[in-house]
Amino acid sequence: MSIAIIRQTLKALHKHSRVRSGRTSYRVNQWFKWLSPGLSVKRWLLISVGGVILAALGLAIWVKLTPIFWMIQLLKGLLGFITNLLPNYVSGPLVMVCGLLLLLWGQTRTVGSITKVLRPEGDEEIIDMLLAHRRLYRGPKIVVIGGGTGLSNLLRGLKNYSANITAIVTVADDGGSSGRLRREIGVLPPGDIRNCLAAMADEEKLLTELFQYRFSAGDGLTGHSFGNLFLTAMSEITGDLERAVAASSKVLAIRGQVLPATLSDVSLWANLADGRRIEGESSITEAGGKIVNIGCTPANPPALPAAIKALKEAEYIVIGPGSLYTSVIPNLLVPEIADVIAASLAPRIYVCNIMTQPGETQGYTVSDHIKAIDNVCGKSLFNAVLVQNKHPSARAHMRYAQEDSHPVFCDRLEINKLGRRVVIANIMHEDETGCVRHDPQKIARVLLRWYSSTSKKNVILKTHRAVSRVQ
């Protein structure tokens, strides 16, 4: 019996020592992170130490003492006293270690106090925050164009790789809460912008729930989402949607920026194969016909200058995913946006939808999606297309077949004829009900991997061309 108790005690002590050693190892790792280059911390620490020394020298001079003489005398006496007690090969390292320990203790306590103020919940070390900040703000300048849930899903993944993200969003929505606010108050529809702001926020889960909350009671409030009302109120206060989004971005601490494609009151129209002309974004999908041509009123709306500036400075441009005719193409109906994308030297890729959409793209292949964008813009806008490589499950097939929706077929030969490179990867998430969406993390990893490889090839090609010119 006593042996069993001893064994249990030894196991408990061993477990406790492992936990303590693990905590010590973690703390040491956190300390060494402060030595990482580029944090702009070590240089200011050295400047602070230099300031203390100069202040001490200044005080000594002020009281008419010869600082160097007295400091040398003080140090001489102190060192002589120490070396009399202990030999120099013992006292030297001992004093040095004591000094370093005091310095380390003081700095860690200072950082701990700052951390408690900045992160009172204590869920993240301040050094980890600094390292993440440095990594994100050194990320590529990415511009993403589209709308709907597809764009917000993509932003959820990309924000983990770069804080230099600009989302250019359509303002042609006229259905649901956005449509009601547009008709009753005269503001631009805030729905897609609301989704993007929530997706790019640090506290995404809570903010998404708040912004997506819909009032179920109240005179005039029923059916409205809180996020739409918030942006509408901000638009009234700041004067327009652009300022409202900028102010909201600061309040919500989002990574990057969200911009409307235009500030014009744009309304979509579409000509169908059966001769009908449909007015309004929500009515186009409901009409259920084959779209032959699409445009907007007023024609050729002016682009937001900030959106054009972001596209010109972009290092990477991503178009989609989202509803082809009602989320992606409306942004490209702004001529300046299409022209700047076509002229850009940055890698440009189109993210094709996984499933066809009833009322818009029934029976469409990947090349049909590309042709639709090329026909609207009159030019080629992107170098490559990202396509899902695996089909959804049988359960998902059955679910979507009831809505006349099917997986988008990748017709490689036709895509190659259009001069586009095909990037195939598993970027899909399917939930337990068979609902299919782009997986934010998977799609972000694939897009950044393709960007890295393409950028390296572009650098090699430019270097080769430069060498050829010299020769």
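Here the residue index of a chain counts from 1 through its sequence in written order. Reporting in this predicted model follows two pLDDT cut-offs: at least 70 for local features of residues, and 80 or more for side-chain atom pairs to be given and counted; totals over whole chains, interfaces and linings ignore these cut-offs and use all residues. Hydrogen atoms and water are omitted, and side-chain values are computed over all heavy atoms in the structure.

Visitor: Is there a simple way to explain the overall build of the protein chain in this structure?
Guide: Secondary structure elements follow DSSP: runs of H or I no shorter than four residues count as helices, runs of E no shorter than two count as strands, and numbering proceeds from the N terminus. When helices and strands are counted, the protein chain shows 19 helices and 12 strands. We call a residue buried when its accessible area falls under 20% of the maximum for its residue type, exposed when it is over 50%, and partly exposed in between, using a 1.4 Å probe and counting protein chains only. Every one of the 471 residues in the protein chain was classed for burial, and the buried ones make up 42%. By definition, residues are in contact when any of their heavy atoms lie within 4.5 Å. Put simply, 71% of the contacts in the protein chain that link residues at least 6 apart link residues at least 24 apart. Exposure was quantified through the Shrake-Rupley algorithm and a 1.4 Å probe, taking into account, for residues, occlusion by the shown protein chains and nothing else. Of the roughly 26200 Å² of accessible surface on the protein chain, a fraction of 62% belongs to carbon and sulfur atoms.

Visitor: Where do I start with the packing of aromatic side chains in this structure?
Guide: The geometry of an aromatic ring pair is captured by two quantities: the separation of the ring centres and the angle between the planes. Aromatic pairs are defined between Phe, Tyr and Trp rings, using the six-membered ring for Trp, whenever the two ring centres lie within 6.5 Å; interplanar angles under 30 degrees are classed as stacked, those over 60 as edge-to-face, and all others as tilted. Under the counting rule described, the total for this entry stands at six aromatic pairs. On the numbers, 6.3 Å between centres and 75° between planes, the contact of Tyr325 with Tyr364 is edge-to-face. A residue pair is termed long-range when its members are at least 10 positions apart, and Tyr325 in helix H14 (residues 324–332) and Tyr364 in the loop between strand S8 (348–351) and helix H16 (366–377) qualify at 39 residues. Each member of the pair Tyr325 and Tyr364 is classed as buried.

Visitor: Help me out: how do you make sense of helix H8 (residues 191–200) in this one?
Guide: Quick reminder: α-helices carry 3.6 residues per turn. Residues three or four places apart thus point the same way. For H8, a buried count of 10 out of 10 residues is recorded, marking the element as mostly surrounded by other parts of the structure. Of all the residues in H8, the buried ones are Gly191, Asp192, Ile193, Arg194, Asn195, Cys196, Leu197, Ala198, Ala199 and Met200.

Visitor: For this particular structure, what's the right way to read a nonpolar patch on the surface?
Guide: Like charges within 9 Å and nonpolar side chains (Val, Leu, Ile, Met, Phe, Trp, Tyr) within 5 Å are joined into patches, using only residues over 30% in relative accessible area that form no salt bridge. A side-chain nitrogen of Lys or Arg and a carboxyl oxygen of Asp or Glu constitute a salt bridge if their distance falls within 4 Å. A cluster of nonpolar side chains, namely Phe81, Leu85, Leu86, Tyr89, Val90 and Leu94, defines an oily patch on the protein surface of about 630 Å² accessible area. Mapped onto the nonpolar patch, the elements with two or more residues apiece are helix H3 (67–85) and helix H4 (88–118). Of the residues forming the nonpolar patch, the biggest block, three residues, is contributed by H4. Considering the arrangement of structural elements, one finds Leu86 in the loop between H3 and H4. Leu86 sits in the partly exposed class, given a relative accessible area of 34%.

Visitor: Before we go on, may I ask you to explain empty space enclosed by the protein in this structure?
Guide: Think of a 1 Å grid over the protein atoms and nothing else: a 1.4 Å probe that fits but is trapped marks a cavity, an open set flanked by protein within 12 Å on at least five of seven lines marks a pocket, and residues with an atom within 4 Å of a point count as lining. Grid points are joined across faces, edges and corners, and a volume is the space filled by probe spheres set on the points. For the structure shown, the criterion picks out one cavity of 30 Å³ or more. Roughly 60 Å³ of volume is contained in the largest cavity. A per-class count over the lining of the largest cavity returns nine nonpolar, three polar and no charged. Just so you know the grouping, Ala, Val, Leu, Ile, Met, Phe, Trp, Tyr, Cys and Pro go in nonpolar, Asp, Glu, Lys and Arg go in charged, and all remaining residues, Gly too, go in polar.

Visitor: Would you take a moment to explain the environment of Lys371 for this structure?
Guide: Position of Lys371 among the secondary structure elements: in helix H16. The exposure class of Lys371 is partly exposed, given its relative accessible area of 31%. Residues Lys371 and Ile415, 44 residues apart in the sequence, show an inter-C-alpha distance of 9.4 Å. Once you skip the residues sitting within four places of it in the chain, Lys371 turns out to touch Glu414 and Leu418.

Visitor: What am I meant to see in the nonpolar core here?
Guide: A general trend in soluble globular proteins is that nonpolar side chains are found buried together. Membership of the largest hydrophobic core comes to 51 residues, with the highest contact counts inside it found for Leu311, Ile337, Ile341, Val366, Ile373 and Val385. Beyond its immediate chain neighbours, meaning those up to four positions away, Val366 contacts Cys352, Val385, Val387, Val408, Phe409, Cys410, Asp411 and Ile415. Buried Ala, Val, Leu, Ile, Met, Phe, Trp, Tyr and Cys residues form a nonpolar core when they are joined through side-chain atoms within 4.5 Å. By size, the runner-up hydrophobic cluster in this structure holds 41 residues, among which are Leu155, Ile165, Tyr316 and Ile427.

Visitor: Just to check I follow, could you spell out unusual backbone geometry for this structure?
Guide: Keep in mind that most residues, glycine aside, have a negative phi and that most peptide bonds are trans. A cis amide bond, omega 0°, links Thr297 with the succeeding residue Pro298. Structurally, Pro298 can be placed in the loop between strand S6 (291–297) and helix H13 (305–313). The omega angle of the peptide bond from Gly320 to Pro321 is 0°, so this bond is cis rather than trans. Relative to the helices and strands, Pro321 resides in the loop between strand S7 (316–319) and H14. Here the phi dihedral of Asn300 falls at roughly 50°; this positive angle occurs in a residue that is not glycine. We classify Asn300 as exposed; its relative accessible area is 58%. The phi torsion at Asp404 lies on the positive side, around 60°, for a residue other than glycine. Within the element layout of this structure, Asp404 appears in the loop between helix H17 (394–401) and helix H18 (412–417). Of the residues examined, Asp404 reaches a relative accessible area of 43% and is grouped as partly exposed.

From the geometry alone we can't say anything about function, so treat these as descriptive.
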